[in-house]
Amino acid sequence: MTKQFDAIWINGVIATCEQGYGLIKQGGIAVKNGKIAWVGPMQLLSAVPEDLADDVYDLQGRCVTPGLIDCHTHIIYAGNRAHEFELRLQGTSYEEIARQGGGIQSTVNATRLASEDELFQQSIIRVRALSNSGVTTLEIKSGYGLDWATEAKMLRVAKKIEETLPITIQRTFLGAHIIPSEYRGNADTYVDLLCDQMIPKVAKEKLAEAVDVFCEKIAFNLEQTERIFKIAKQFGLPVKCHAEQLSDSGSVALAVKYQALSVDHLEYVSHAGIKAISQSGTVAVLLPGAFYFLRETKLPPIDVLRKYRVPMAVATDSNPGTSPILSLQMILNMSCTLFRLTPAEALEGVTRHAAKALRMEETHGTLTIGKVADLAVWDVEHPVELVYYVGNRPLCQLIKHGVRVSL
Ligand code: NIG
Ligand code: FE
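Residues numbered from 1 in each chain as written. Chains lettered and ligands numbered in written order. Predicted model: local features only at pLDDT ≥ 70, side-chain atom pairs only at ≥ 80, totals over all residues. Heavy atoms only, no water.

Undergrad: Looking at this model, I keep getting lost on the coordination of the iron ion (ligand 2). Mind explaining?
TA: Around a metal, the ideal angle is 109.5 degrees if four donors adopt a tetrahedral arrangement and 90 or 180 degrees if six donors adopt an octahedral arrangement. At the metal site, the iron ion (ligand 2) is ligated by His72 (NE2), His74 (NE2), His242 (NE2) and Asp317 (OD), and these contacts range over 2.1 to 2.4 Å. Going along the chain, you hit the donors of the iron ion (ligand 2) in the pattern H-x1-H-x167-H-x74-D. The exposure class assigned to His72 is buried, which follows from its relative accessible area of 0%. For His74, a relative accessible area of 2% corresponds to the buried category. (Donors = N, O, S within 2.8 Å, 3.2 Å for Na, K, Ca; no water. Buried < 20%, exposed > 50% of the residue type's maximum accessible area, 1.4 Å probe, protein only.)

Put into structure tokens, the structure is as follows:
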């Protein structure tokens, strides 16, 4: 006889993340056909677990959370920028290195030269590391190609990684990362190329689910950003924005005007910018890894974001220049120690709010009946321990679409 559930986890601490931790002590969770079919306190279970499912896992007090969601990464690239790290430690700034033709452009050069297979092999190692930190959904941006062939190559590699690992990947087209060196002094011609050719092709070939722009002095100005947003929306692609990372340009208000899924970084966001976010459905994505690695001193105004009840997601921003970080747990810790989020806010930032930043809140991000059964089981007694430890690896099971995957 078929049983009510495919699998059930019993006797654990269930952090639903529906609001704050959303804790159920002495709880259980069951899955059926890849979806969450039951979650609640053990005493409300309708029968003995063995009668309800063939696969019964006794958690023995361990903690279950939603599979973590990293909603902002640039994890596909060739080479690395360890050498620029040394230069910055000697006093050269990130912007100075960019102006001298290093920075993002040097990763563009390396990524253009790499074959598709080389790019895949180099990148999948990093995605695997993130997956081992409990990540089951990942956003990956292009943006180290800045020509059609390489941008498309990056987006294909993202798809191939999704087909290889137990991870859901949302792809974002970031052709507007910087002005590539061959268009320097001719930025608007590059924006023409993005708007007239690349974005329409991304939409037509369904290569990405969103379009992002780096709006900054060293990248695209407000006017260029707006042109790109307009075209993206015309082709049915939602937008995102690297906004107010190094200066306050007004990009947050612009992004909100185009119903951005998220505005990311926000170190220099103004009060007015935060008010604009609060009146929209846009998520604020905080990236403490880049703040840390650039040794930034200007904190994003967390108190004001909190006061206006802006949903705050947290992500690795994993990239070779400003955040070579491959652990979302490390980022949870940084978001509390550096940005002063509470541990519960941090956890919501990599579950519920991160799902919203990817427009996946209906199906992912909380342990709620009917949502996709992407779960992480941790060898800890309380979810605060996920935020507290630095460098340990407490993940003991990862469940993707209701099925246990090997770590
Ligand atoms: O999110 N701000 C722009 N993009 C990345 C940096 C990428 C790089 O330096 O390679 C960021 O910090
Ligand atoms: Fe970024």
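We are not done yet, so read on.
Undergrad: What should I look at first to understand the site of ligand 1 in this one?
TA: The immediate surroundings of ligand 1 are formed by 15 residues, with Arg81, Tyr94, Tyr144, Gln245 and Thr322 found nearest. With respect to ligand 1, the side chain of Tyr144 contributes an N or O atom lying 2.6 Å from an oxygen atom. Between a nitrogen atom of ligand 1 and a side-chain N or O atom of Gln245, the distance comes to 2.9 Å. Bound to the protein, ligand 1 loses 100% of the 330 Å² it would expose on its own. Of the pockets mapped on this structure, ligand 1 occupies the largest cavity. Looking at the shell around ligand 1, its residues break down into 4 nonpolar, 9 polar and 2 charged. (Near = heavy atom within 4 Å. Polar contact = N/O pair within 3.5 Å; in protein donor to acceptor, adjacent residues only side chain to side chain. Areas by Shrake-Rupley, 256 points an atom, 1.4 Å probe, with all protein chains shown as cover. 1 Å grid on protein atoms, 1.4 Å probe; cavity = no way out; pocket = protein on both sides within 12 Å on 5 of 7 lines; lining within 4 Å. Sits in = over half its atoms within 2 Å of the grid points. Nonpolar A, V, L, I, M, F, W, Y, C, P; charged D, E, K, R; others polar.)

Undergrad: Please clarify how the pairing of strand 15 (residues 395-400) should be interpreted in this entry.
TA: Taken residue by residue, a regular strand's side chains alternate between the two faces of the sheet. Here strand 15 lies mainly inside the structure; 5 of its 6 residues are buried. When strand 14 (residues 375-378) meets strand 15, the two strands line up antiparallel, connected through 4 bridges. Of the residues in strand 15, the one forming a bridge with Trp378 is Leu395. Summarising the sheet, strand 15 and strand 16 (residues 403-405) pair through 3 bridges and their orientation is antiparallel. Note on strand 16: the bridge partner recorded for Leu398 is Val405. Counted between consecutive antiparallel strands, the loop separating strand 15 from strand 16 contains 2 residues, among which His401 sits at a positive phi close to 50 degrees. (Helix = DSSP H or I, 4+ residues; strand = E, 2+ residues; numbered from the N terminus. Pairing = 2+ DSSP bridges.)

Undergrad: What should I look at first to understand the side chain of His353 in this one?
TA: Within the secondary structure, His353 sits in helix 15 (residues 352-357). Setting aside anything within four residues of it in sequence, one finds His353 in contact with Val283, Pro311, Met312, Ala313 and Glu348. (Contact = heavy atoms within 4.5 Å.)

Undergrad: Hey, could you run me through the pairing of strand 14 in this one?
TA: Alternating residues of strand 14 divide into Leu375 and Val377 and Ala376 and Trp378, and every residue in both groups is buried. Bridge count for strand 5 (residues 63-66) against strand 14 is 4 bridges, and the pairing is antiparallel. Directly across from Thr65, in strand 14, lies its bridge partner Ala376.

Undergrad: I keep staring at the packing of helix 7 (residues 187-204) against helix 8 (residues 222-234) and nothing clicks. Help me out?
TA: A pair of packed helices is captured by two measures, namely the crossing angle of their axes and the spacing between those axes. Running from amino to carboxyl end, helix 7 crosses helix 8 at an angle of 5 degrees, the nearest separation of the two axes being 10 Å. One element, helix 7, and the other, helix 8, form an angle in the roughly parallel class. Between helix 7 and helix 8, the residues in contact are Ala187, Asp188, Val191, Asp192, Leu194, Cys195 and Ile199 and Gln224, Arg227, Ile228, Ile231 and Ala232, respectively. (Axes fitted to C-alpha atoms, helices over the stretch in contact; angles between N-to-C directions. Parallel < 35°, antiparallel > 145°, perpendicular 65-115°, else oblique.)

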